[in-house]
Amino acid sequence: MAARSVPRPSRETPTIALMLQGGGGLGAYHIGAYQALSEHNLHPDWVAGTSIGAINSAVIAGNRPQDRVERLTALWEAISGRICRRSWL
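Residue indices follow the written sequence of each chain, beginning from 1 at its first position. pLDDT decides what is reported in this predicted model: residues at 70 or higher carry local features, side-chain atom pairs at 80 or more are listed and counted, and totals for whole chains, interfaces and linings draw on all residues regardless. With hydrogens and water excluded, all non-hydrogen atoms of the structure serve as input to the side-chain values.

### A word on the pattern of salt bridges
Short version of the rule: Basic side-chain nitrogens of Lys or Arg form a salt bridge, by our definition, when they fall within 4 Å of a carboxyl oxygen of Asp or Glu.
Here the structure, examined in full by the defined rule, presents 1 salt bridge. Where Arg 64 meets Asp 67, a salt bridge forms, and the shortest distance between an N and an O atom there is 2.9 Å.

### Points about the pairing of strand 2 (residues 46-49)
What counts is decided by this rule: Pairing between strands is defined by DSSP: at least two bridges between them are needed. Put simply, DSSP marks the helices as runs of H or I at least four residues long and the strands as runs of E at least two long, and each gets a number from the N terminus on.
Note: strand 1 (residues 17-20) against strand 2, 4 bridges, orientation parallel. Paired with Met 19 across the bridge in strand 2 is Ala 48.

### Considering helix 2 (residues 52-61)
The cut-off we apply is this: Residue exposure (1.4 Å probe, protein chains only): buried if accessible area is under 20% of the type maximum, exposed if over 50%, otherwise partly exposed. The arc refers to the directions leading from the helix axis to the C-beta atoms.
Among the residues of helix 2, those classed as buried are Ile 52, Gly 53, Asn 56, Ser 57, Val 59 and Ile 60. Down the axis of helix 2, the smallest arc covering the buried residues is 160 degrees, so these residues share one side. Opposite the packed face of helix 2, turned more than 90 degrees from it, sit the exposed residues Ala 58 and Ala 61.

### Here's the deal with the nonpolar core
Heads up, the rule is: Buried Ala, Val, Leu, Ile, Met, Phe, Trp, Tyr and Cys residues form a nonpolar core when they are joined through side-chain atoms within 4.5 Å. Contact criterion: two residues are considered in contact whenever any of their non-hydrogen atoms come within 4.5 Å of each other.
Judged by nonpolar contacts, Leu 18, Leu 20, Ile 31, Tyr 34, Ile 52, Val 59, Ile 60, Val 69, Leu 72 and Trp 76 together constitute the single largest core of 10 residues. Elements supplying a minimum of two residues to this core: strand 1, helix 1 (24-39), helix 2 and helix 3 (68-88). Sequence-distant contacts of Tyr 34, defined by excluding residues within four places in its chain, comprise Leu 18, His 43, Pro 44, Ile 60, Pro 65, Arg 68, Val 69 and Leu 72.

### With respect to helix 1
Rules: In this analysis, the expected span of each helix is defined as 1.5 Å times one less than the number of residues it contains.
An ideal rise of 1.5 Å per residue puts 22 Å on 16 residues; helix 1 measures up with 24 Å between its terminal C-alpha atoms. A positive backbone phi angle near 55 degrees is found at Asn 41, which sits one or two residues after helix 1.

### Let's talk about the pairing of strand 1
Selection criterion: Seen with its strands pointing away from the viewer, a crossover is right-handed when the path leading from the first strand over the helix to the second is clockwise.
Here strand 1 shows one buried face, formed by Leu 18 and Leu 20, and one open face, formed by Ala 17 and Met 19. Handedness of the crossover is the feature at issue here: the chain leaves strand 1, passes through helix 1, returns alongside strand 2, and the resulting connection is right-handed.

Dropping the structure here:
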């Protein structure tokens, strides 16, 4: 049987899905990746992630587009500060 594509109704803009993977260092990278999308007025319709990607996805999904980069940055500053303080104790 040959594969066939299912016709979809056309939209003025494409659906954007953002998938964020896990891994501590990549979590900070997500901020810059999302910021680049935001600067080009590309806001995801769907967001999903695993591990730290799920946390960042929740921040993105739970905030207005204009607040997301600021909220992601605040989260990572809080996380980094706690990690740094613990390493000195």
